[in-house]
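# Geometric and topological summary
The chain contents come next:
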Amino acid sequence: MKAVALCRDSAPALRDLVLPPPQPPRGRDLLIRVEALSVNPVDGKLRAATPAASLDTPRILGWDAAGVVEAMGEEASLFASGDEVYYAGDVTRPGCNAQYQLVDERLVARKPTTLDFAEAAALPLTTLTAWELLFQRMPLQLDDRRHAGQRLLVIGGAGGVGSMAIQLAHHAGFEVIATASREASIDWCRRMGAQHVIDHRQPLLPQLQALGVDEVQVALNLADTDHYWDELGQLLAPQGHVGLIVEPRGPLRIGDPYKAKCIGIHWEFMFARARFATADRIEQHRILNRAASMIDAGQLRGTLSEVLGPINAANLDVAHQRLAGGRTIGKLALAGWDD
């Protein structure tokens, strides 16, 4: 099979390779033919953190994909051969930057029928991250608009997670305030459903007060945990909630005002369920199935901003560089394989 991987003689550069396909699936694994994939910051982080000397065999990165089920393990029951699926997968196993991949069926869902493979591949990791953070780590509810009248702030609204978090929070009834700094990213946040957009390069509280907002009930810091920590402590309402996905550079002071206000601090790492083989990892199958239904019903929209071409080392390198630059809007995808 064709693959893009890190090798002992090339890392951290990516190489186009021809590798043996995975072994036939066993247990609850699916063998999936990858048709399209998307990139995420985790790809660049693991690429940079992988010493060349440790690569006894090539390492395949990538954890956002859409494709077709080719075969199933003897215990798999959720899919049939030929089903079109999308998934993020398991960071402890080989990734999706290859024509074929083994993935536990509990982490996989049917692809939205209204999206093509590239559009679908842009969604799984960020959808799971936003959904788990809002509705499983935090005590929030997706349906019935129970949060009408409450405000939710998304720092980093134009990124992949922010794009989905805005939509899910809007669906749940929140008045959503997002941060962005460029005309294109501001427009993107509004298209995702943000009622207000403020500039994350400037102090947040004065901008919120200019909107008539003295406090927010929920804040998602998807960009820089350290930089906004003190200010979020000021602007969060008593008994509010803050959600985090970026590891801080140093210790965080979680005493006052967080303690005085009884603010809930919630971490989300989408790979936790797969990494620790938790008993509830089928939740990711359920979440992605529900998200697919909402997309097909027009309740959520895709977040793909650009397809960079077929899947190869050169295009993946461009995608990683674009992400590292910190100015990407939505998601970048690659689709198809060079002949």
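What counts and how
- Residues numbered from 1 in each chain as written.
- Predicted model: local features only at pLDDT ≥ 70, side-chain atom pairs only at ≥ 80, totals over all residues.
- Heavy atoms only, no water.
- Patch = residues over 30% accessible without salt bridge, like charges linked within 9 Å, V, L, I, M, F, W, Y side chains within 5 Å.
- Areas by Shrake-Rupley, 256 points an atom, 1.4 Å probe, with all protein chains shown as cover.
- Salt bridge = Lys/Arg side-chain N within 4 Å of Asp/Glu carboxyl O.
- Helix = DSSP H or I, 4+ residues; strand = E, 2+ residues; numbered from the N terminus.
- Contact = heavy atoms within 4.5 Å.
- Buried < 20%, exposed > 50% of the residue type's maximum accessible area, 1.4 Å probe, protein only.
- Lys, Arg positive; Asp, Glu negative; His and termini not counted.
- Arc of directions from axis to C-beta.

The name an unreviewed UniProt entry gives the protein chain is Zinc-type alcohol dehydrogenase-like protein, with Stenotrophomonas indicatrix as the organism.

### Details of a nonpolar patch on the surface
The grouping of I254, I265 and W267 at the surface amounts to a nonpolar patch, some 290 Å² of accessible area in total. If you trace the backbone, W267 turns up in strand β13 (residues 264–267).

### Examining the environment of M72
Considering the arrangement of structural elements, one finds M72 in strand β4 (residues 65–72). With 226 residues separating them in the primary sequence, M72 and G298 have C-alpha atoms 31 Å apart. Excluding residues that lie within four positions of it along the chain, M72 makes contacts with P25, D29, L30, F79, A80 and S81.

### As for the side chain of K261
Topologically, K261 is positioned in helix α8 (residues 258–261). One buried charge, K261, has no salt-bridge partner; the nearest side chain with opposite charge is E215, at 6.1 Å. Look past the residues within four positions of K261 in its chain and what remains in contact with it is G233, Q234, L235, L236, A237, P238 and Q239.

### Things to note about helix α1 (residues 41–49)
Among the residues of α1, those classed as buried are V42, D43 and R47. For α1, the arc enclosing every buried residue in end-on projection is 135 degrees, short of the 170-degree limit, so these residues lie on one face. Away from its buried face by more than 90 degrees, α1 exposes P41, K45, A48 and A49. Those residues of α1 hidden inside the fold are in contact with β1 (2–6), β2 (14–18), β3 (29–38), α3 (124–137) and α11 (313–324).

### Side note on the pattern of salt bridges
Scanning the entire structure with this criterion turns up 24 salt bridges. Where R273 meets E132, a salt bridge forms, and the shortest distance between an N and an O atom there is 2.9 Å. Of this pair, R273 sits in helix α9 (residues 272–275) while E132 sits in helix α3, placing them 141 residues apart in sequence. The exposure class of R273 is buried, given its relative accessible area of 7%. Relative accessible area serves as the criterion here: at 0%, E132 is assigned to the buried category. Taken together, the shared-partner salt bridges in this structure form one network comprising E132, R137, E268, R273 and D280.

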